[in-house]
Each structure stands twice: as structure tokens, then as C-alpha cells.
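Observations on chain architecture
These are the residues of each chain, in order.
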Number of protein chains: 2
Amino acid sequence: MQAYLQLEARQKKIAALDNAMGILHWDQETMMPAGAAPARASVLAELSVMVHDLETADGLEELILQAEAEAASLNPWQQANLREIRHGFVHANAVPAELVEKLVLASSQAAMTWREARAADDWASLEPKLDALFALKREEAAIKSEVMGVTPYEALLDQFDPGRRESQVDRIFDDLAAYLPDILLQIRARQDAGPRPIIPPGPFPVERQRELGLELMKILGFPFDHGRLDIAHHPFSGGASGDVRITTRYEDNDFMASLMAVIHETGHALYEDGLPADWATQPVGKSRGMTLHESQSLLLEMQAARSAEAISFLVPVIRRVLGSEGAAWEADNLLRIYRRVEPGLIRVYADEVTYPLHVILRYRLEKAIIAGELATADLPGAWNELMESLVGIRPRDNRDGVMQDVHWPEGILGYFPTYSLGAVAAAQIFAAAKRAEPDLLPGLARGDFQPLFSWLDANIRSQGCLYMPDDLIARATGAPLGTEAFKANILERYLSS
Amino acid sequence: MQAYLQLEARQKKIAALDNAMGILHWDQETMMPAGAAPARASVLAELSVMVHDLETADGLEELILQAEAEAASLNPWQQANLREIRHGFVHANAVPAELVEKLVLASSQAAMTWREARAADDWASLEPKLDALFALKREEAAIKSEVMGVTPYEALLDQFDPGRRESQVDRIFDDLAAYLPDILLQIRARQDAGPRPIIPPGPFPVERQRELGLELMKILGFPFDHGRLDIAHHPFSGGASGDVRITTRYEDNDFMASLMAVIHETGHALYEDGLPADWATQPVGKSRGMTLHESQSLLLEMQAARSAEAISFLVPVIRRVLGSEGAAWEADNLLRIYRRVEPGLIRVYADEVTYPLHVILRYRLEKAIIAGELATADLPGAWNELMESLVGIRPRDNRDGVMQDVHWPEGILGYFPTYSLGAVAAAQIFAAAKRAEPDLLPGLARGDFQPLFSWLDANIRSQGCLYMPDDLIARATGAPLGTEAFKANILERYLSS
């Protein structure tokens, strides 16, 4: 297993660079003085090149082939690690350096243009940049498709959710697209018939909001000994192995926004924290892709923390820390706010019922773009049509329509589906955990997340990349990924009792 | 100049890793949760190995030789850069890998032992570890001495202060050792005859101390757009190119300590900030060694900020921000505290008159150790003798004697002299700046450091490593490094009027 061990040593170097970049990125968003941005960008670029050089070095493929030939002498974790090393090799080496360079340039130009174009609602200036970028993405997808033996769109998706198939995404998303719009109408009718929620009057001082976030993180078992909470413009979870750092932002008049971000990001952080430490420097020790990652944040935010049981425990905590009285602070009212369903134009503000429709829209459009079936010029119109048919609202401009997300201008295609596949997986995993752990819901009602977390530790977090994403889900839940639990939860939460 | 440009490209990679390590180190001391320490240590170790690999790569010496052969086609900055690349190559490659490894191990064991041994005043447990480490340091020094054609001690010193000669250090330190003890007695006699300083009564809230520090940094032109002030257990200046970060710590009852640290570290940071940006990724764009670095912090802390002119401006600022009244806050009293001379056992608490004696003691002992003229077992006795003869006090234990510093247990020999060579250089450079800029002292009196800083920018900061340290000092001040200005300043400050 000489060759395999050499691969491990090489991965250890890559992991060190990745961890360094993780902290540098966290620092950039939380601590770095603004004027250091150009210097930081060039340090990060240089480190990325070093990673890329390690991933594409001469002789690497021979080493992988040798290790694969010796695979019988490896244990299952080593074998899975080798599979992940091969997977990384394919993605790093399939595309010629020249195209990689063009992609970097085109996406940086499109992203830069997007910043001003979105603010000015100026689609015309963005369109040619996007068009050039999409052409290169089609090239990338075609080349990878050839190498990997999957469809071009799958080749892109595979970077974020390894092994995922279009047919499967289509089945899940078509199901939701057929189901949700009608459910949405029913929920809103019911909601309109009930009492209107009273928005708790702010302002809420940042210090109290932060205290509330920290108290919740403590309840959730956030590892403060090797983790942090800070402020950033966009909430995220990052850091390095053994050093999980989350951020939130505080709005004076809306404590809910920060709170939900804290719970969501804590879900991501606990996943990272629960990965197998023995494999921290190896691909097999990493999180199992973006669908699984999102399943862990949404399981905490949408499934566990929004359960009636958890809410009955959390509401008194919120009241105690923010120290307010009155009708707005009654549990029933907070629950109403918490579970408000309100279709809107903007994905990032969407509730859990509407959200998948935003994602399905993007999935269908980006698939058509990669297939060459949708011209960039027709994108705004297609967006508005689909938004109207799925969500029932038509954007009045492109700023809040096709230009609202940074993903496409950054060249990120194949990522969007993982948001809602993650939501679907979250429901399925939570349902399985509830079945397996009778004390799970009673635990939440007393602020004890341990029954849930021991199950997650054993079945998801500790498994790293030992299995492919779908195998991991099937092993943990007893069934392939499907919409049943997601739909059941929505029915129960919004349309029962 | 093909070969030279290849060397530049390689240095750019090293610079990216150095910058990343700079931020990781800063983070470790200011932000990192304690439990992340082992993971961080291994990331830093891995990045250091990558730097070392780049510095010792096959073919590198041939590349340097080729570049040296083409040197005539290089401009003066490129030639200086090549000289610095060669200098780095010699230090990285002179010592065989096996010895490097032994040194890392031995110093990490000695440093670990030191932590507990110092606390327990247990020299016996430290002695064998130090002895083993010193033997390896002698080996290192002997090998480098051979390669570099200098004395073994000079070979160690050269890492921190390139080109420095023992004969020169001896001359400067012998001069100070003959001069200072008697001056010290005179100053103390005079001091005892005057009014006793009244210590301003605390506590001083951290928030006000921090505000005072920030206000001073603003006066000093600290580049907040690409720099920060934070808290760390030991004040330091660090960060990365274009991102200078300093730290201090706050003591409830002593605002002076934090203030002096802020000014000192700002001096280091302004030096880094003023280095030639065009050469940021190259050795020639770095600071000119530790003597020069310390000269820049001490010039600000000891020369400029303790001048009567600066104090007349700063005292009202201190009074305004800390908001206190009474006799303790009179300018004369603050000046008395500020300039208190009080020989003690501990170097890091020493005043500017006593400090060089602490350094001379260490310099003489470590020179004897490297020369093999002083057995490790005899070190505590030699320390106490020398302390008594130079400073006039004899340590009662080894905790506050030979075991007080971490440098030797960490294997750092050849560094100590740069503290006081820096102090001597600070006085000489400040004197030259005063001669050249008639508005310098009047500027300080109105809180305007610009006349001082434009001179420093032009003559020191912007010069990077274009010249060797001594040439830089001689060009800037018109004379080789000597004690004249240092002694004149002490006479004027403590024994005149």
C-alpha cells in the first residue's frame, strides 16, 4: 500500500492549505480591514494554485492507478478514501488548464458586472458576460460528461453532490412542483382565516440578540472550545478542521432573522464537528457534499427547532433573554411568525414551503442553459414565466428576478438543487431519527438535543464520505431519498389540527 | 534574466505561505478557540514544511547560480533581491535535514519542560534538555560558520541581523557595559532626591484604555484601513503584507503598560506598512532584520513618544480620554512615572537605561555557550554573577534568573543582541532625523508625526532590504552604528537641566 500512503501524504498537504484558506476566508468576512482585500485575494489565489498543482501533479494518475491495483489490501475507510481521491482527481484534471483559466476570468468578469448591474436593474450589461460564461460552462460540462460518463448537467452537479442523477432530481422536483403550489394556496387560506401575527416591537439591542444566539448554541451543544460566533454580512459556517466558526448578522427590529441564521449555521457546524477526526486530513473525512450539508442545517433549523416540542422549550428562553412582555410574546403568536408562509420573489427570504419552488425554477433553467436549449437572451422571460406558474407572482424587474442570485454570475451551476434536496433529506432523516429514538421529541421539549444528536452522530456525522450520498441516506433512513417525509411534515405542520 | 524571474515566481509562493501563516498566527493569539490549538499547530507545521521544501528544492542552487551569472542585467533592486534569495538559501540549506529535525525536537522538548520548570523554579529538570539543545546549536553554528565564513556565533546572529559581526557587537556592548552601571547610580541618586511619583489610581476600564490606544494610533497615523488593534496575552505586531495587526493587553490598574505596548507595536507596524509595496512578495521587500525592526518600535516608543515635546501633547490626550483629575494626572508627575528608572531582575520590565545591561548579560553568556566555554551546569551561577556586576542585583532563584526567558529553551540564540542594537540604532536614527527635519520636534509638540515619518519613510521604511543593515543605517544617519546618540539621549533625558 506504498502508493496509497503516498496519496495520503499528498492529501495532508492539501488539507493544510484548505484549512489555512478556511481561516483566511473566515477572517476576510469577519475581521480583515477592508483595505487588505487585494493582498488577501492574491494570497488566496496563490494558495488555490498550490492546491491545484498538488491535484494535477505529474505522476499523480499513475499513483492512483497503483493504489487502485492494491485496493484489496486496504480497509473500507481507505478504500472509500481512495474513491474520493479519484473523484477529486477527475474534477481537477478533466478540464484543460486553458479552459480553467478562461472560466476563472469569465466568472470574475460576470460577477463583477453583476454587482453593479443588479443594483441598476441593468440586464443588458450583464447578458453578454453571462452568455460568454455559459458557453464556457457548456464546454466544461461536455468535457467532464465525456470523462465521467454522465450527462453534462450531472457532471456539474457531481461536484456538489457526488453521484446524483438528473432523473432522480427530476422525479423529486416534479413531484414537489405538482404538490406545493396547491398546498401553498391551502396553507395561505387557512393562515388568512386565523389571527394575524403581531410583530414583536423592537429595537432589540445587538448585545441581547448575541446573548440569545449564544444561549441557543449552548443548548444545541455548540463546541465553544473549538468554535466561535461572530458577525458577518452574510451568515455562514466556516473555519477549519477542529475549529468550526459560524457568523450571523443582527437587525435592530428583527431578532428572528439572526436567530434562525444562528440555528441554521450551527447545524452546518455540528456536522463538520462530528466528522471522523481520525480522517480529518483526508477526503473521506470530509462532509458528504452539499445536499447532506444542507440537510444538517435544515434538519436543525426547519425540522427540530421548529417542532412544537422545541418551540415550547425555546419560547421561554427567548422571552427571558430579550426580556419582553405582552401579546406579541405569547407562544402562539411567536409560533405564527415562526411558521408564517408568504410567497415572495426572493429565494433567500422564502419560507420552507415556497423555497423548493424557487429552487426548481433555477434547476430547470440551468439545465436548459447547459443543454443549449435556452438562449441567455431569453432567460429573464423564462424566469418570469416560471416564477408566475410555480410561485404565483411575476417579478416587475430583473433585479428581483433573474439577477437576484450571485451563483450564475460566479459560474456556479449545478449547485441550486442541493438546497432543496437538502430540505427533502432533512425531513427524511429527521423522521428516521424520530422513529429510532422515542426520546427524541420529549428531549426537544426539555431542551435536550442529545437523543437527536447521538443518532445523527452515529448515522450521519461520523460517517464522513465512507458511503456515497444516496447510500448514506438509504442506510440511515432505510429508504432512498424521496419526498414523503417532507410532504408529511408540511401537511402536519401547516394543515393538521 | 530567465533564471532570476523563476526565482521571483518561487518567492511569490513562499510569500503567500508566509502571509497565510502570519494571519494564522495572529488568529491563534487573538481569536482561535483554545481547543483548536493542536489542529492549528499541525496546519502551521505542514505549511512550514512547504516553505522549507520550496527553499531547499532540487535545482534551486543551479537556478541561483544562473541568476547570479546574469546579475549584470538586473537593476539594483533585483540584484539586492537576488542577494537576499542567496542569503535565505544559505540558511535553509546549510544544515542537513537530519540536524534540522533534531533541533526541532530538542527545542520543542526544552520549551515544553521550561514552562513547568520555570513555574516550579526547577533548574535541574531543565538543565539536561537545554544541554542537549545547546550541543545541537553548536553543531548548527559550526556548520553554518564553515559555509558562510563567519564565526559560529555570527552564523546564528546572521539569521536575525544579516552581516552583523561579533567585534562590532562587542565594541558597542562593552562601551555600554562600562558606561551604564555608573550612569544608573547617578540617575537613581537624582531620582531619589526628587519628588516620588504618584501612581494614578485605577481601575481604568478596558474600554477607555482601548479608546486611548486607538486615539494614539490615529495620531501616529496607524493605517486602520489595512490594520487592526486587538488583545493578546503578549503584545505583538503581526498579520500579513498590507494587513498590519498589533495587539496589546489591558491591566486594570496600569494604563501605562498597555499604552507603551500600543506605541511600541505601532512602530513595528508602521515599518512593515512602509516597506516597498512593489516588492511585497520578494525578500528584498521585507524588513531589514531584527535590529532595524526593533529600532523602529523603540524609535517611536522610547525616542519620539518620550520626548518632552510629544509628552506635552500626549498628556492632555491621556487626561481627556481617561478623564481623571488630581495631582497624579499632572504632566510632571506622569513624566516622572514615564521616565522612572528602576533596576530589576526581569528584562521585560526593564527601563531604557537598564535594559541593555540585561541584553549584554545574555549576549555574553550565549556567546560563551556557543564557543563551548561555558558548561550548561554553570549557567545559573554565571547568570547571577553577571547580573550582580552589571545591574547590581542578585537573583534569589532561577525562576527570575536564568529561566526567565523562553528564547534559549526555544533554541533561539543570536537574537538577544538585536534588542539593544535596535535601541542604539533607534537613538542614532532619531538624532539624524532631528538634524534633517527642523520641524520634527515642533511637530511632535503639536501631535504631528508627519515630519518624522516622511523622513523615516524615505530613509528607512521604503528601503526594504535594498542595502545591508549597517549600510542602511550609515546611509540614513551618516555614520556607522555607534553608542553616541544613545548615550547623549540618556544624559539629556535623565541627567541634564
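Here, every reference points to the structure presented above.
To start, this report covers the structure provided alongside it. Along each chain, residue indices are assigned from 1 in the same order as the chain's sequence is written. Note on labels: chains are lettered from A, ligands numbered from 1, in written order. The model is predicted, so local features are restricted to residues of pLDDT at least 70 and side-chain atom pairs to those at 80 or more, both for listing and for counting; the totals for chains, interfaces and linings are taken over all residues. Values shown for side chains rest on all heavy atoms present in the structure; no hydrogens or waters enter the calculation.

**A word on the sheet that holds strand 1 (residues 227-231) of chain B**
Residue and element names in this part refer to chain B. Let me state the cut-off plainly: Strands are labelled as partners when DSSP assigns at least two bridges between them. Note on conventions: DSSP H or I runs of at least 4 residues are helices, E runs of at least 2 residues are strands, and numbering of each starts at the N terminus. Axes here mean lines fitted to C-alpha atoms, for a helix over just the part in contact, with angles spanning 0 to 180 degrees between N-to-C directions.
Strand order across the open sheet formed by three strands is 1-3-2, with mixed pairing between neighbours. Sheet topology places strand 1 and strand 2 (237-240) at the edges, where each strand pairs with a single neighbour. Here the average twist between neighbouring strands, direction ignored, is 25°. Two strands pair when backbone bridges link them, and strand 1 and strand 3 (residues 243-248) are joined in this way by five bridges, in the parallel orientation. Of the residues in strand 3, the one forming a bridge with Gly 227 is Val 244.

**Thoughts on the interface of chain B and chain A**
Operational definition: Contacts are assigned to residue pairs with any non-hydrogen atoms lying within 4.5 Å of each other. In the sections that follow, a salt bridge refers to a side-chain nitrogen of Lys or Arg positioned within 4 Å of a carboxyl oxygen of Asp or Glu. Think of a polar contact as two N or O atoms within 3.5 Å of one another; within protein, one of them needs to be a possible hydrogen donor and the other a possible acceptor, and neighboring residues in sequence only count if both atoms come from side chains.
Taken together, the contact between chain B and chain A spans 33 residues of the former and 33 residues of the latter. The salt bridge partner of Asp53(B) is Lys13(A), with a shortest N-O separation of 3.6 Å. Along the contact surface separating chain B from chain A lie eight residue pairs in polar contact (both at pLDDT 80 or more). Breaking the side of chain B that touches chain A down by element, the ones donating at least two residues are helix 1 (2-30), helix 2 (37-55), strand 1 and strand 3 of chain B.

**Remarks on the packing of helix 11 (residues 289-304) of chain B against helix 16 (residues 417-436) of chain B**
All names here are of chain B. Threshold: Angle categories are assigned with fixed cut-offs, so that under 35 degrees is roughly parallel, over 145 is roughly antiparallel, 65 to 115 is roughly perpendicular, and the rest are oblique. A crossing counts as left-handed when the near helix is turned anticlockwise from the far one by less than a right angle, and as right-handed when that turn is clockwise.
Contact pair helix 11 / helix 16: the axes reach a minimum separation of 7 Å and the direction vectors enclose 60°. Overall, the two elements helix 11 and helix 16 adopt an arrangement that is oblique. The hand of the helix 11/helix 16 crossing is right-handed. Two secondary-structure elements touch here, helix 11 through Met 290, Thr 291, Leu 292, Glu 294, Ser 295, Gln 296, Leu 298, Leu 299, Gln 303 and Ala 304 and helix 16 through Thr 418, Tyr 419, Leu 421, Gly 422, Ala 423, Ala 425, Ala 426, Ala 427, Ile 429 and Phe 430.

**Remarks on the side chain of Thr266(B)**
Turning to its location among the elements, Thr266(B) is positioned in helix 10 (residues 255-274). Ignoring sequence-local partners within four residues, the contact set of Thr266(B) consists of Met217(B), Leu220(B), Phe222(B), Ile246(B) and Leu300(B).

**Re helix 7 (residues 152-160) of chain B**
Every α-helical turn comprises 3.6 residues, leaving residues that sit three or four positions apart pointing alike. Residue and element names in this part refer to chain B. Rule in force here: Working definition: with a 1.4 Å probe on protein chains only, accessible area under 20% of the residue-type maximum means buried, over 50% means exposed, and in between means partly exposed.
With seven of nine residues buried, helix 7 lies mostly within the body of the structure. Among the residues of helix 7, those classed as buried are Tyr 153, Glu 154, Ala 155, Leu 156, Leu 157, Asp 158 and Phe 160. Elements in contact with the buried residues of helix 7: helix 4 (76-93), helix 6 (123-148), helix 8 (166-193), helix 11, helix 14 (355-370) and helix 16.

**Re the pattern of salt bridges**
Throughout the structure, instances matching the rule amount to 71 salt bridges over all chains. For the salt bridge of Asp243(A) with Arg40(B), the shortest nitrogen-to-oxygen distance reads 3.3 Å. Within this pair, whereas Asp243(A) is found in strand 3 (residues 243-248), its partner Arg40(B) is found in helix 2, the two belonging to separate chains. Note on Arg40(B): relative accessible area 5%, which makes it buried. The residue Glu342(A) makes a salt bridge to Arg340(A) at a minimum N-O spacing of 3.2 Å. In this structure Glu342(A) comes out as partly exposed when scored by relative accessible area, which is 43%. One connected set of salt bridges, linked through shared partners, spans Asp27(A), Arg40(A), Asp243(B) and Arg245(B).

**Overview of the relation of the copies chain B and chain A**
The pair of chain copies shares a relation made of a rotation about an axis and a shift along it. Rule in force here: The copies were overlaid with a least-squares fit restricted to C-alpha atoms from residues scoring a pLDDT of at least 70 in each copy.
Taken as rigid bodies, chain B and chain A are interconverted by a rotation of 180° and an axial shift of 0.1 Å, the fit giving an RMSD of 0.0 Å. Each copy turns onto its partner about a two-fold axis. Of the C-alpha atoms belonging to chain B, the one lying closest to the rotation axis is found on Ala20(B), 3.4 Å away.

**Points about the environment of Leu270(A)**
Residue and element names in this part refer to chain A. With respect to the element layout, Leu 270 can be found in helix 10 (residues 255-274). What makes Leu 270 buried here is its relative accessible area of 5%. Beyond its immediate sequence surroundings of up to four residues, Leu 270 is in contact with Leu 220, Gly 221, Phe 222, Pro 223, Leu 300, Phe 453 and Arg 461.

**Examining unusual backbone geometry**
Excluding glycine, a negative phi dihedral is what most residues carry, and trans is how most peptide bonds are arranged. Residues and elements named next belong to chain A. The residue after Gly 202, namely Pro 203, is reached through a cis peptide bond having omega -5°. Mapped onto the fold, Pro 203 is located in the loop between helix 8 (166-193) and helix 9 (206-219). The residue Asp 121 is not glycine, and still its phi comes out positive at about 50°. As for its position among the elements, Asp 121 is in the loop between helix 5 (97-119) and helix 6 (123-148).

**What to know about the packing of helix 1 (residues 2-30) of chain A against helix 2 (residues 37-55) of chain A**
Each pair of packed helices can be described by the angle between their axes along with the distance between the axes. Residue and element names in this part refer to chain A. Condition: Put simply, Ala, Val, Leu, Ile, Met, Phe, Trp, Tyr, Cys and Pro go in the nonpolar bin, Asp, Glu, Lys and Arg in the charged bin, and everything else, Gly too, in the polar bin.
Packing of helix 1 against helix 2 leaves a shortest axis separation of 10 Å and a crossing angle of 160°. On the basis of the axis angle, helix 1 is roughly antiparallel to helix 2. In the crossing of helix 1 with helix 2, the sense of the turn from one axis to the other is left-handed. When helix 1 is examined against helix 2, the residues Arg 10, Lys 13, Ile 14, Leu 17, Asp 18, Met 21, Leu 24, Asp 27 and Gln 28 are found in contact with a partner set consisting of Arg 40, Val 43, Leu 44, Leu 47, Ser 48, Met 50, Val 51, Leu 54 and Glu 55. In terms of residue class, the contact of helix 1 with helix 2 is made up of ten nonpolar, two polar and six charged.

Any link to function would need more than the numbers given here.
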